[in-house]
Amino acid sequence: MPTDSKADGFVVFDHVQKSYDGDTLVVKDLNLNIGKGEFLTMLGPSGSGKTTCLMMLAGFETATHGEILLDGKPINNIAPHKRGIGMVFQNYALFPHMTVAENLAFPLEVRKMGKSVREEKVQRALDMVQMGSFGGRRPAQLSGGQQQRIALARALVFEPELVLMDEPLGALDKQLREHMQFEIKRIADNLGITVVYVTHDQTEALTMSDRVAVFDDGRIQQLAPPDQLYEKPENSFVAQFIGENNTLEGVVESIKDGTALVKLDNGELIDTVPVNVSAAGERTKVSIRPERVEYNKERLQEGAHTLKAEVLEFIYMGDIFRTRLRVAGNEDFVVKTRNAPDQVRLKPGETIEIGWLPEDCRALDA
Amino acid sequence: MKLKTTMLMAASAIAAAPAVVAQEMADSMTLVSWGGAYQQSQVNAYSDPYQANNAGLEIVWDSSSNEAVAKLRAMSEAGNITWDLVDVVAADAMRLCDEGLAMEIDADEDLAAAPDGTSASDDFGDLLVSDCFIPQIVYSTTFGYRTDVAEWNGKEPDDICDIFDLETFPGQRSLEKRPINNLEWALYCDGVAMDDIYDVLETEEGQDRALAKLDTIKDSVVWWSAGADTPQLLADGEVVIGSTYNGRLFSVIVEQKQPVAMLWDAQVFDLDGWIIPAGLPEDRLARVMDFVKFATDTQRLADQAKYISYGPARASSAPLVGKHAELGIEMAPHMPTDPANSKNSILYNFDFWADYRDDLDAKFQAWLAQ
Amino acid sequence: MTETTQDGPMLAADGTPLKKSLRRALRAQKLRALGLIAPLLIFVLISFVAPIVDMLFRSVENQIVSDTLPRTVVALRDWDGEGGEAPGDEIFKALTYDFIVAAERKEHTRLGSRLNYEMTGISSLFRKSGRRVDDIGEDYLDQFKDLNDAWEEPATWVAMMASEGWVADQVAWSEARAAAKSADQDFETPEPAFALRPGVAKALPETADIYSAFARTIQTQDEDSPTEEEPWNPVYMALFNDLASNPDAASAFSGDVAALLSEAAAAVGNFETISPKDAFLDADEDWGDPMVWSTIKAFAPSYTSGYFLSAVDLQLTASGVQPQDEDQQIYMLLFKRTLFMSLMIMFSCILLGYPIAFLLSNLPMRQSSLLLILVLLPFWTSLLVRTSSWKVLLQQQGVINDILVWIGLVADDNRLVMINNQFGTIVAMTHILLPFMILPLYSVMKTIPPSYVRAAKSLGATDWTAFWRVYFPQSVPGIGAGCILVFILAIGYYITPELVGGTTGTFISNRIAYHISSSLNWGLAAALGTILLAVVLILYWVYDRIVGIDNVSLG
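Residues numbered from 1 in each chain as written. Chains lettered and ligands numbered in written order. Predicted model: local features only at pLDDT ≥ 70, side-chain atom pairs only at ≥ 80, totals over all residues.

(A) Broad picture of the overall build of chain C. Helix and strand counts for chain C stand at 26 helices and 2 strands. Relative to its length of 555 residues, chain C is extended, with a C-alpha radius of gyration of 36 Å against a globular reference of 24 Å. Projected onto its principal axes, the C-alpha positions of chain C cover 115 × 90 × 60 Å. By the burial criterion, 39% of the 555 residues in chain C qualify as buried. Here the analysis covers contacts within chain C between residues at least 6 apart in sequence; of these, 68% occur between residues at least 24 apart. (Helix = DSSP H or I, 4+ residues; strand = E, 2+ residues; numbered from the N terminus. Rg over C-alpha atoms; globule rule 2.2 N^0.38 Å. Buried ≥ 20, exposed ≤ 12 C-beta atoms within 10 Å, placed from the backbone. Contact = placed C-beta atoms within 7 Å.)

(B) Region of the structure containing the overall build of chain B. Summing up its helical and strand segments, chain B has 15 helices and 10 strands in all. For chain B, the C-alpha radius of gyration of 21 Å lies close to 21 Å, the compact-globule estimate for 370 residues. Oriented by its inertia axes, the alpha-carbon framework of chain B measures out at about 65 × 55 × 35 Å. For chain B, with 370 residues in total, the buried portion stands at 50%. Across chain B, the fraction of contacts at a sequence separation of at least 24, relative to all contacts at a separation of at least 6, is 72%.

(C) Spotlight on the confidence of the model for chain B. Residue and element names in this part refer to chain B. Summing up the model confidence of chain B, the mean pLDDT is 88 and the portion of residues at 70 or higher is 93%. Within chain B, the lowest mean pLDDT, 40, falls on helix 2 (residues 17–24), and the highest, 96, falls on helix 8 (residues 182–189). Below pLDDT 50 for its whole length, residues 1–26 participates in 31 contacts with residues either more than four positions away or in separate chains. (pLDDT = per-residue confidence, 0-100.)

(D) Seen up close, the interface of chain C and chain A. Contacts between chain C and chain A engage 15 residues on the former and 19 residues on the latter. Elements with a minimum of two residues in the side of chain C that touches chain A: helix 22 (450–458) and helix 23 (463–491) of chain C. For the side of chain C that touches chain A, a count of residues per class yields 7 nonpolar, 6 polar and 2 charged. (Nonpolar A, V, L, I, M, F, W, Y, C, P; charged D, E, K, R; others polar.)

(E) A look at the interface of chain C and chain B. Residue-level contacts link 36 residues of chain C with 32 residues of chain B. Those elements giving two or more residues to the side of chain C that touches chain B turn out to be helix 1 (18–58), helix 5 (108–116), helix 6 (122–132) and helix 25 (508–517) of chain C. When its residues are assigned to classes, the side of chain C that touches chain B shows 8 nonpolar, 21 polar and 7 charged.

(F) Structural view of the environment of Ala 283 of chain C. All names here are of chain C. Tracing the sequence through the fold places Ala 283 in helix 14 (residues 276–283). When the 19 C-beta atoms within 10 Å are taken as the criterion, Ala 283 is described as partly exposed. Here Ala 283 is in contact with Lys 128, Ser 129 and Arg 132, once residues within four sequence places are set aside.

(G) Local environment of the sheet that holds strand 9 (residues 211–216) of chain A. Residues and elements named next belong to chain A. Taken together, the 6 strands give an open sheet; going across it, the order is 6-7-8-3-9-10, and neighbouring strands pair in mixed fashion. The open sheet terminates on both sides in strands that have one partner only, identified here as strand 6 (85–88) and strand 10 (219–224). Each adjacent strand pair in this sheet contributes to an overall mean axis angle of 20°, direction not counted. (Pairing = 2+ DSSP bridges. Axes fitted to C-alpha atoms, helices over the stretch in contact; angles between N-to-C directions.)

(H) Highlighting the sheet that holds strand 2 (residues 27–34) of chain A. Residue and element names in this part refer to chain A. Taken together, the 4 strands give an open sheet; going across it, the order is 2-1-4-5, and neighbouring strands pair in antiparallel fashion. Either end of the sheet is taken by a strand with one partner, and the two such strands are strand 2 and strand 5 (73–74). Seen against the sheet, helix 1 (residues 50–58) touches strand 1 (11–18), strand 2 and strand 4 (65–70) and runs at an angle of roughly 120° to strand 1.

(I) A look at helix 11 (residues 229–236) of chain B. All names here are of chain B. Helix 11 sits mainly inside the fold: 6 of its 8 residues count as buried. Residues of helix 11 that are buried include every one of Asp 229, Thr 230, Pro 231, Gln 232, Leu 233 and Leu 234, and no others. Its buried side turned inward, helix 11 meets strand 4 (134–146), strand 5 (173–176), strand 6 (221–224), strand 7 (241–245), helix 12 (246–255) and strand 8 (260–275). Downstream of helix 11 by a residue or two, Gly 237 has a phi angle that is positive, lying close to 75°.

(J) Fine view of helix 25 of chain C. The buried fraction of helix 25 of chain C amounts to 8 of the 10 residues, a majority that puts the element mostly inside the structure. The set of residues buried in helix 25 of chain C consists of Ile 508, Ser 509, Asn 510, Arg 511, Ile 512, Tyr 514, His 515 and Ile 516 of chain C. Packed against the buried residues of helix 25 of chain C are helix 4 (68–78) of chain B together with helix 17 (331–362), helix 24 (495–500) and helix 26 (522–546) of chain C.

(K) Looking closely at the domain arrangement of chain B. Residues and elements named next belong to chain B. Annotation of chain B at the domain level lists domain 1 (2–132 + 276–327) and domain 2 (139–270 + 343–369). For domain 1 and domain 2, the distance between their C-alpha centres works out to 30 Å. At the junction of the two partners, domain 1 supplies 10 residues and domain 2 supplies 10 residues. Residue contributions to the side of domain 1 that touches domain 2 peak at 3 residues, all from helix 5 (residues 90–98). (Domains from an automatic or database assignment.)

(L) Structural detail: the pairing of strand 10 of chain A. Residue and element names in this part refer to chain A. Of the strand pairs in this sheet, strand 9 and strand 10 are connected by 5 bridges, and their pairing is antiparallel. By the bridge assignment, Asp 216 is partnered in strand 10 with Arg 219. Here strand 9 folds back onto strand 10 in antiparallel fashion, the turn holding 2 residues, of which Asp 217 has a positive phi close to 55°.

(M) Fine view of the pairing of strand 1 (residues 28–32) of chain B. All names here are of chain B. In terms of residue burial, strand 1 counts as a mostly covered element, since 4 of its 5 residues are buried. Where strand 1 and strand 2 (residues 58–62) come together, 5 bridges link them in parallel fashion. The residue bridging Ser 28 from the neighbouring strand is Glu 58, located in strand 2. The β-α-β motif built from strand 1, the intervening helix 3 (residues 36–53) and the parallel element strand 2 has right-handed crossover chirality. Alignment of strand 1 against strand 3 (residues 85–89), held across 2 bridges, turns out to be parallel. (Right-handed = clockwise from strand over helix to strand, strands pointing away.)

(N) Local environment of the packing of helix 4 of chain B against helix 5 of chain B. Residue and element names in this part refer to chain B. Contact geometry for helix 4 and helix 5: axes closest at 10 Å, N-to-C directions at 20°. Viewed along their axes, helix 4 and helix 5 adopt a mutual orientation that is roughly parallel. The two elements helix 4 and helix 5 meet at a crossing, and its hand is right-handed. Along its contact with helix 4, which presents Ala 68, Val 69 and Leu 72, the element helix 5 presents Asp 92, Arg 95 and Leu 96. Classifying every residue of the contact of helix 4 with helix 5 gives 4 nonpolar, no polar and 2 charged. (Parallel < 35°, antiparallel > 145°, perpendicular 65-115°, else oblique. Left-handed = near helix turned anticlockwise from the far one by under 90°.)

(O) Seen up close, the domain arrangement of chain C. Assigned domains of chain C: these are domain 1 (2–58), domain 2 (65–134 + 276–304), domain 3 (139–232 + 239–270) and domain 4 (331–551). Each of domain 1 of chain C and domain 3 of chain C has a C-alpha centre, and the two are 61 Å apart.

(P) A look at the environment of Cys 132 of chain B. Residues and elements named next belong to chain B. Within the secondary structure layout, Cys 132 lies in the loop between helix 7 (120–124) and strand 4. Here Cys 132 falls in the buried class, since 25 other C-beta atoms lie within 10 Å of it. Remark: the alpha-carbon pair of Cys 132 and Ile 105, spanning 27 residues in sequence, is separated by 5.5 Å.

(Q) Unusual backbone geometry, seen in detail. One non-glycine residue with positive phi stands out, namely Asp 257 of chain A, at about 55°. With respect to the helices, strands and loops of the structure, Asp 257 of chain A is situated in the loop between strand 11 (246–256) and strand 12 (259–264). Residue class for Asp 257 of chain A comes out exposed when judged on the 5 C-beta atoms lying within 10 Å of it. For Asn 153 of chain B, which is not a glycine, the phi torsion comes out positive at approximately 55°.

(R) The confidence of the model for chain C, seen in detail. In the predicted model, chain C carries a mean pLDDT of 89, and 98% of its residues have values of at least 70. Our summary of model confidence lists the complex with pTM equal to 0.84 and ipTM equal to 0.86.

(S) Spotlight on the nonpolar core. Leu 85, Ala 93, Leu 96 and Ile 275 of chain B together with Leu 433 and Val 486 of chain C are the most contacted members of the largest nonpolar core, which totals 161 residues. Per element, the largest residue contribution to this core is 14 residues, and it comes from helix 21 (residues 422–446) of chain C. Setting aside residues up to four positions removed in sequence, Ala 93 of chain B forms contacts with Val 88, Ala 102, Ser 130, Cys 132, Phe 133, Gly 273 and Ile 275 of chain B. Counting 98 residues, the second largest nonpolar core, distinct from the first, contains Ala 93, Ala 125, Val 195 and Val 198 of chain A. (Core = buried A, V, L, I, M, F, W, Y, C linked by C-beta atoms within 7 Å.)

(T) Seen up close, the arrangement of the chains. Contacts are most numerous between chains B and C, taken over all 2 pairs of chains that touch. The two units chain A and chain B are non-contacting; their minimal C-alpha-C-alpha distance is 46 Å.

Written as structure tokens, this is what we have:
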């Protein structure tokens, strides 16, 4: 599974820009290489430009500037139906006047395949999504999850090398959605197809993708595999957007030997990893993941930085405890601890000492 | 049948609601006429002077004469007559009389005598074509033509049969979309003597002969169904010659000054007048009779001619016809009854058309559709 | 819950069957719902359903003949019209009695115009005869009078014909009236209805019949009294006939009347007789035409198929159903033309409306609402204005021809004929009805998400295939709704065809309007309307069978 295949980009966005009204850019200078067989997710809040990018790739929108290449060939001027890209839509877009089998046969029919070939492929695709016996039904007779499977089967039945998915699980309930995430991932891996997947659900992005492109304001804020994205966010937007995050604001005192000394707004000094701060005097947002903070003294590691904190709230969540604290003036400082037999259960109003390792503490842009 | 009556009553009660309100007012009368300039001439000549003498009387005008026959029948079936006096053409008056929808009148008793003492029945004479009919005007259906047609090489039509002469007078004609008048002209121009026209038209051969004559110009005819069509078509240059009521042509020629002239030859006289709906309650009837006696006296009929070029139906009114109220021109030469205009004319045969109208209309429509 | 499985109905907690208690619970709801719609329901029933039912009824109703000529209709039953001759005196006698009553009630001309629809000339025949019928029997009156002046006296007749009870009532009534008059009060009570003396009907059947008709007619029609009015002349003919066939009639009477009658019975043998047939023939020789009689006979029943037959170019004659004269056949042609043109208008509306609706549903909100206003604009101008403006555009000296001549496409002396024909009608009506196609199409198209077409394209379909295989089938319900609206509106349209249809572009509705407002042949109009309604219902049914009515949507 190639995680870094920029060299042999199967899909390439080269300085792509898009504007609808001539005044503002919805997509600002997009450069992106997607490797063959890669599962890439475009993640971002609505209006961030991710769906526009997908639509440009599918051919339903044209790039205002720049070039999109598919398998080395520019496709800007190729009509959508000639691109051979499979697509799964947000609301499935199953043709309501056709049966499931007719829906699946549609792409084969327009490719002028013979009847027997069609039937065989349709059956295989239906079997693949475990819907083998539903061929004669109408879409309206299926549940949401079933329709989703059919939409997937239809996007795959003509064996495209690239499949685009536009928030395909958005309409499903949580349990079904989680199940389908694995299903899609499994099928994609089995077939070895390239998938570009659009979602605003970060859990979905993290679970399924080889790489995730985080979009905001028409730009890719960070393009990285899920673990890096989570653990090493490159700016405060990504840090905020992916997973839960604690932010402490302050000013950089000094940077040396790969460590930035930050003076928090309440005067406390902490060591941090400088990510995008470059000089002393800059304002910065320091990011620490809630599960990297420890208040159990016995578990505190060597070299950990400690701070005073006041417990505001303690929530029992089954597998974990979620504690809200006041730390250096921030009242939304959250700590997550595993529910272990020896774990301390805190009470609101207690004053405790918390600590973390300096390398988990990243100084980002303000 | 009970259901039907109830229902019709309910339906007409809804339709006639405003009229009912009007009647409940102290003193009011609903007159039905044709609207437009004609109705205005009646207001000027009849109802305004009458109201001047009858303070407090309200007169409501309803311009529904073109559907008066059907509406009167519906009102009568519903047992709720909301009209007091209805202006209709003579043929409709006969039909209404036949249907028992119009009241029979006694001309000598109900209408004013002439100033010289001639009784009303003698003064109206032959124009009392039905027992229910109180004539007001004589109008005619005749032809108007454009005076600026280049293809005519300076000639102007002066004979009714020029209508059928496509060689000398090429161009589109407009004729009414019904058999009445057209068949008479066709037979006349096919060589039938004026007095024999209706005898010939009674026979199958005569009818075919008339249609065959019309066939010769069928491709050049625009068929009209509203009196305003021909004046408009003439003014637009869509047709070069066309039939309509003489008053309409008067306004095109004299009032609007279009390049159009009258062809008075073989004009067909017809009558228009009042009928009183049958079954009016006594108080309303008394009021209407009083109005009718006033509105159809010699002076009133002569006055109407000041406003519109239709001839008064009383012999005694003719000498009193004066000048147009606004234009100040002598009206007499524009009357269809003027001797110069009526040298050669046809009097509409009411009895014949009462019998043959449905039959010939079916035949005529079938001929048109071919 | 076990008791609910097989052998019994499901029971509610109180033991009543569940269905029953559910029904009871729903009844209140239903009643409330009915109460809410009741005003509209009543309005629709009175103003819409009832007139339609009335119209259907009129298309077969024909009681006027047997109501107006009851005796003649009965007498004609045995007349078969064979030999091509008019019937004899017996039937003319019945006609005399019927006619005098009808003429006095002014009903004969109504019947005349009714029968004139079936046979030309009956209208004036009846009108003329109505004036002459009272002369029939005058000779008998003179002869009875010569015999005894008492026959001229209304009192003689009242004494002979009226029941004693009625005479007493009448006297009481006239006293009351006189009293009211002297007290200067209003007296509105009508005279008691005339009643025949028992036994008269047996002794003098014809006289009794016609005299009581006379008495009732003058009472109701003229508010006169039989005590003051001399009977109609035909009554004397009836008396003559009765006395001639029953010389012993006087025995049923007593006193002066008996004496008068026996005197008359003795004398009638020497009376000069007259033939009612000759009298009618004298009034109008058309009464000798057997066609008149077979027409009356054919339309004697209270219900007739005659109007429906006329509406499909057939006619009802005494010898059965026959095709209408060829040169009068017009209705089938008009029905076919109406259908054909309505379909043409419908298809033009689809062709023109579909792209506009498509555009409307795909444009951004602002542009689409502007365009929608343009589409709706025709609704805000009067129908007559719209139709007249088409005249101005399409006529030979009109705008379009002027432009074509100016461009040089058309020669000045060979201008296109675009109005007063089918073309003009189709153009004007398509314009008028277009919104009725666009609006349902638009509202259906609006609900088709753009992702369907995108999906089709992503699956490899060309623009056309995506449209034809995916978009179009989903817009079919809109087309269906639009078609039904446009077609049904078009088929009943009459103002526009009347104004711009000329001779070849008129519809069946123009004839219906003619028969309603001009010829007053409401029966035929009703039959034509009923057929039109049936055609629409049949087409609707066919549509349902082919396309399915569920497949119609307004969005």
